[in-house]
Amino acid sequence: MASPTNPAEPSEPNGLPPQPLDPWFLALLACPGCDQRRPVTLGADGSRLVCTCGRYAYPVRDGIPILLVDEAIVLDESIPAGGRESEAGR
């Protein structure tokens, strides 16, 4: 939902900005695009979650992580779509 004063600024129905993602919640999340289901970390500006494989970034809209591969931003095309191979698999 957009703010009535600034359509680009997200806000909660009560007019307040979205709550930040809690670290315990982030620890539960994993990249749906990686075969190894690698963890994701919150980007510096808080607007996206970045997979530790380095290939995908997922948007955070109105405080909600959008963990859909179709919505992901591909950060590094050179990394295979399933993510980097695990060290044990080499």
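Summary of the structure given here. Keep in mind the model is a prediction, meaning the values are calculated, not measured.

1. Topic: the state of the cysteines
Disulfides are covalent bonds that link the sulfur atoms of two cysteine residues. Applying the stated rule across the entire model yields zero disulfides. There is no disulfide at Cys34, and the cysteine sulfur nearest it, in Cys51, is 3.4 Å away. Under the relative-accessibility criterion, Cys51 is labelled buried at 3%.

2. Describing unusual backbone geometry
If you check the backbone angles, Arg37 has positive phi at about 50° while not being a glycine. Summarising the element assignment, Arg37 is placed in the loop between α1 (23-26) and β1 (40-42). On the basis of relative accessible area, Arg37 is assigned to the partly exposed category, the value being 48%.

3. Re the nonpolar core
Formed by 13 residues in total, the largest nonpolar core has its most connected members in Cys31, Val40, Leu49, Cys51, Tyr56 and Tyr58. Only β2 (48-51) and β3 (56-61) provide two or more residues apiece to this core. Broken down by element, the residue count for this core peaks at three residues, all from β3. Aside from chain neighbours lying at most four places away, what touches Tyr58 is Cys31, Pro32, Gly33, Ser47, Arg48, Leu49, Ile66, Leu67, Leu68, Val69 and Ala72.

4. Re the pattern of salt bridges
A complete count under the given rule lists one salt bridge for this structure. When the shortest N-O distance is used, the salt bridge between Arg61 and Glu71 registers 2.7 Å. One end of the pair, Arg61, is in strand β3; the other, Glu71, is in the loop between β4 (64-65) and β5 (73-74), with ten residues separating them in the sequence. We classify Arg61 as partly exposed; its relative accessible area is 42%.

Reading guide: rules and limits
- Position numbers for residues start from 1 in each chain and track the written sequence from start to end.
- Per-residue local features are limited, in this predicted model, to residues with pLDDT of at least 70; the limit for side-chain atom pairs, both in listing and counting, is 80 or more; totals at the level of whole chains, interfaces and linings are taken over all residues.
- Note: side-chain values were computed over all heavy atoms of the structure, leaving out hydrogens and water.
- Two cysteine sulfur atoms form a disulfide, by the criterion used here, when they sit within 2.5 Å.
- Throughout this description, buried means an accessible area under 20% of the type-specific maximum (1.4 Å probe, protein chains only), exposed means over 50%, and partly exposed covers the range between.
- Secondary structure elements follow DSSP: runs of H or I no shorter than four residues count as helices, runs of E no shorter than two count as strands, and numbering proceeds from the N terminus.
- In this description, a nonpolar core means a group of buried Ala, Val, Leu, Ile, Met, Phe, Trp, Tyr and Cys residues linked to one another through side-chain atoms lying within 4.5 Å.
- Here, residues are in contact when the closest pair of their heavy atoms is within 4.5 Å.
- Salt-bridge detection follows one rule: a side-chain nitrogen of Lys or Arg within 4 Å of a carboxyl oxygen of Asp or Glu.

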